[in-house]
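Listed below, chain by chain, are the residues.
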Amino acid sequence: MDIKTTGKEYRNTFVLSGAFTAIFTAYLAIQNLQSSLNQEQGLGIISLSCMYACIIISGILAPAIIHVFGEKKILVISFICHVIYVGTNFYPTFATLVPSSVLLGLTAGPMWTSQSVYLADMACSYADRTSKDGHAVLSKFNGIFFAMFETTQITGNLISSLVLQQGSYESSSSANETTVKFCGSEDCPMAVNGTKIDEPDRHIVYILLGIFLICDVFGVFLTACFLPPMNKLASKQKVNLLKSLASCGKGLTDLNLVFLLPLIMFMAMEQAILWTDYTKAFISCPLGIQKLGFVMATYGGSTTVFALVFARVSKYTGRYILFALAGLVNLGILITLYIWIPSSEDVFLIFLIPVIWGMAEGIWQIQSNALVALLFPEKKDSAFANYHTWKAIGFTMTFIYGNLLCVSTKLIIAISLLMVSMILYLIVEIRVKQSKSSNEKETEEGNNLDPDSNTSYD
């Protein structure tokens with residue numbers, strides 16, 4: 001750990017968290033709006049598909065890119081790309097939004113890997129310096145980051161709805177026509193029975209994007225001026241891109257990581273369903289796009305609270321109970337969405353589901369990062385690169401078939417993946433426990449064989 005960061009772990013964690021909060025206040029709100037705001041020819045979802053497809057590539061190359069530039073520079077460069085992305089949303093076309101989405105995707109992999117490594121190193125440094133339990137400190141630092149990060153769902157979405165409700169929403173259909181809406185799991189691609197969401201006046205959208213642009217500029221400023229770089233020796237070494245590919249691939253030789261991949265992909269899939277299908281088919285369809293931000297703000301508030309709560313209780317419950325709870329909550333939500341068709345009268349339930357969803361997300365966000373850091377302490381770079389790469393694969397797959405499948409089919413896929421992933425996660429925990437017991441037994445036998453171990457001196 002560099003001297004610039006030693007002793008300032010908490011301060012650096014709050015700076016890192018604050019920068020991500022500013023950046024993702026803008027990004028997540030815009031992402032939640034993409035499927036409802038840019039509906040023509042599926043532009044919104046197509047742009048998200050391109051973005052997350054590029055995150056797969058950038059995630060694989062993340063170790064090499066980080067070694068060349070260092071964590072701080074990667075974060076600054078990526079945040080500047082966020083500024084560009086918001087700018088292109090002022091004039092969203094395939095010629096503007098898709099290229100900026102690609103650019104954002106190409107920097108997102110290294111950005112998230114840098115964030116994970118930086119945060120893990122801050123936690124490990126603090127744990128070593130204070131002789132505190134590693135898992136407890138990792139959970140606490142991840143709790144600080146994700147509690148602040150998840151407030152972006154509150155701030156960004158409240159800004160979104162407060163601005164968008166100022167617009168007028170005249171139905172695109174004529175007064176003599178009866179518009180049939182297919183909400184909930186019945187929502188399918190437009191060619192089948194899709195429902196078109198009424199969009200706000202363009203000048204209202206410009207005001208919203210202007211506010212988000214200010215948030216992004218502040219995030220760049222905070223990172224560039226107040227986050228110290230991690231001047232590790234490895235950052236000064238030249239790393240071949242092929243070595244980066246090998247590094248990411250080498251991580252897959254660890255069976256524990258391979259077994260965790262379905263769970264990592266599911267965590268992406270359930271978020272993608274929330275951001276696109278729930279926002280469009282369960283909020284905008286029955287209530288209107290102007291209510292979307294208010295509903296998603298409840299999700300952000302719930303996730304923030306539960307992230308803080310579970311970060312503190314994890315040292316008492318352990319991660320097994322928390323992972324089981326998150327899996328059961330997500331399973332219940334997905335089954336509910338499959339059988340329930342929302343209407344304008346279901347306002348309470350439409351708001352309640354994201355609150356419950358936030359409970360699971362508060363666990364996934366903190367415990368999954370802490371789990372990777374704990375299971376792969378000697379190869380955090382490649383482990384986190386795989387983590388974010390496979391998460392991007394989960395997002396990309398969900399977004400790609402988002403314009404092809406009905407919501408009901410996507411929910412069945414998510415339920416199936418969840419059940420498989422939880423079984424494989426259980427196997428990983430059993431393997432880790434067996435390995436730990438075996439190591440302890442070998443150490444004990446080694447001590448018994450040591451002729452000096454039982455010798456006492458007067």
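For the structure itself, look to the data block above.
Residues numbered from 1 in each chain as written. Predicted model: local features only at pLDDT ≥ 70, side-chain atom pairs only at ≥ 80, totals over all residues. Heavy atoms only, no water.

Draft legend 1. Inspection of the side chain of Asn-369 at higher detail. Here Asn-369 shows up in helix H12 (residues 347-375). Not counting chain neighbours up to four residues away, the residues in contact with Asn-369 comprise Ser-116, Asn-142, Phe-146, Trp-364, Phe-384 and Tyr-387. (Helix = DSSP H or I, 4+ residues; strand = E, 2+ residues; numbered from the N terminus. Contact = heavy atoms within 4.5 Å.)

Draft legend 2. Examining the packing of helix H11 (residues 292-339) against H12 more closely. Relative orientation of the contacting elements H11 and H12 amounts to 40°, with a least axis distance of 6 Å. Between H11 and H12, the crossing angle belongs to the class labelled oblique. The class makeup of the residues in the contact of H11 with H12 is 29 nonpolar, 11 polar and two charged. (Axes fitted to C-alpha atoms, helices over the stretch in contact; angles between N-to-C directions. Parallel < 35°, antiparallel > 145°, perpendicular 65-115°, else oblique. Nonpolar A, V, L, I, M, F, W, Y, C, P; charged D, E, K, R; others polar.)

Draft legend 3. Spotlight on the packing of helix H1 (residues 9-37) against helix H6 (residues 134-150). Contact geometry of H1 with H6 gives a least axis separation of 8 Å together with a crossing angle of 30°. With respect to each other, H1 and H6 are oriented roughly parallel. Handedness of the H1/H6 crossing: right-handed. Between H1, through Glu-9, Tyr-10, Thr-13, Phe-14, Leu-16, Ser-17, Gly-18, Phe-20, Thr-21, Phe-24 and Leu-28, and H6, the contact on the second element is made entirely by Lys-140, Phe-141, Ile-144, Phe-145, Met-148 and Phe-149. Of the residues contributing to the contact of H1 with H6, the split by class is 11 nonpolar, four polar and two charged. (Left-handed = near helix turned anticlockwise from the far one by under 90°.)

Draft legend 4. View of the packing of aromatic side chains. Within the structure shown, the criterion is met by 28 aromatic pairs. Ring centres of Phe-20 and Phe-79 lie 5.3 Å apart, and the angle between their planes is 85°; this geometry places the pair in the edge-to-face category. In this pair, Phe-20 is assigned in helix H1 and Phe-79 in helix H4 (residues 71-88), connecting sequence segments 59 residues apart. Among the residues examined, Phe-20 registers a relative accessible area of 0% and is labelled buried. Between Tyr-278 and Phe-282, the aromatic rings sit 5.3 Å apart at their centres with planes inclined by 10°, giving stacked as the arrangement. Of this pair, Tyr-278 and Phe-282 both sit in helix H10 (residues 255-287), four residues apart, which is roughly one turn of that helix. Both residues of the pair, Tyr-278 and Phe-282, count as buried. An aromatic cluster of at least three residues, connected via ring pairs, comprises Phe-20, Phe-24, Tyr-27, Phe-79, Tyr-85, Trp-112, Phe-145, Phe-146 and Phe-149. (Phe/Tyr/Trp six-rings, centres within 6.5 Å; stacked < 30°, edge-to-face > 60°. Buried < 20%, exposed > 50% of the residue type's maximum accessible area, 1.4 Å probe, protein only.)

Draft legend 5. Region of the structure containing the environment of Asp-121. Among the secondary structure elements, Asp-121 is positioned in helix H5 (residues 97-130). On the basis of relative accessibility, which here comes to 10%, the residue Asp-121 falls in the buried class. When the C-alpha positions of Asp-121 and Lys-380 are compared, they lie 9.5 Å apart, and in sequence the two are 259 residues distant.

Draft legend 6. Looking closely at a positive patch on the surface. A surface patch of like charges, here positive, comprises Lys-132, Lys-140, Arg-312 and Lys-315. Within the secondary structure layout, Lys-315 lies in helix H11. (Patch = residues over 30% accessible without salt bridge, like charges linked within 9 Å, V, L, I, M, F, W, Y side chains within 5 Å. Areas by Shrake-Rupley, 256 points an atom, 1.4 Å probe, with all protein chains shown as cover. Salt bridge = Lys/Arg side-chain N within 4 Å of Asp/Glu carboxyl O. Lys, Arg positive; Asp, Glu negative; His and termini not counted. Charge placed at Lys NZ, Arg CZ, Asp CG, Glu CD.)

Draft legend 7. Representation of empty space enclosed by the protein in the model. For the coordinates displayed, the defined rule picks out four cavities of 30 Å³ or more. Considering only enclosed or pocket space, the largest cavity measures out at about 380 Å³ in volume. As for the largest cavity, its lining consists of 26 residues, and the residues nearest its centre are Phe-24, Tyr-52, Trp-112, Trp-275 and Phe-395. Listing elements by their share of the lining of the largest cavity, those giving two or more residues are H1, helix H2 (43-60), H5, H6, H10, H12 and helix H13 (380-400). Among the residues forming the lining of the largest cavity, the class breakdown is 17 nonpolar, seven polar and two charged. In this structure, the second largest cavity occupies an estimated 60 Å³ of space. Around the second largest cavity sit Ile-30, Leu-33, Gln-34, Leu-37, Asn-38, Asn-89, Arg-202, Leu-208 and Leu-209, which together line it. Contributions of two or more residues to the lining of the second largest cavity are made by H1 and helix H8 (202-226). Here the lining of the second largest cavity gets four residues from one element, more than from any other, and that element is H1. (1 Å grid on protein atoms, 1.4 Å probe; cavity = no way out; pocket = protein on both sides within 12 Å on 5 of 7 lines; lining within 4 Å. Points joined across faces, edges and corners; volume = space filled by probe spheres on them.)

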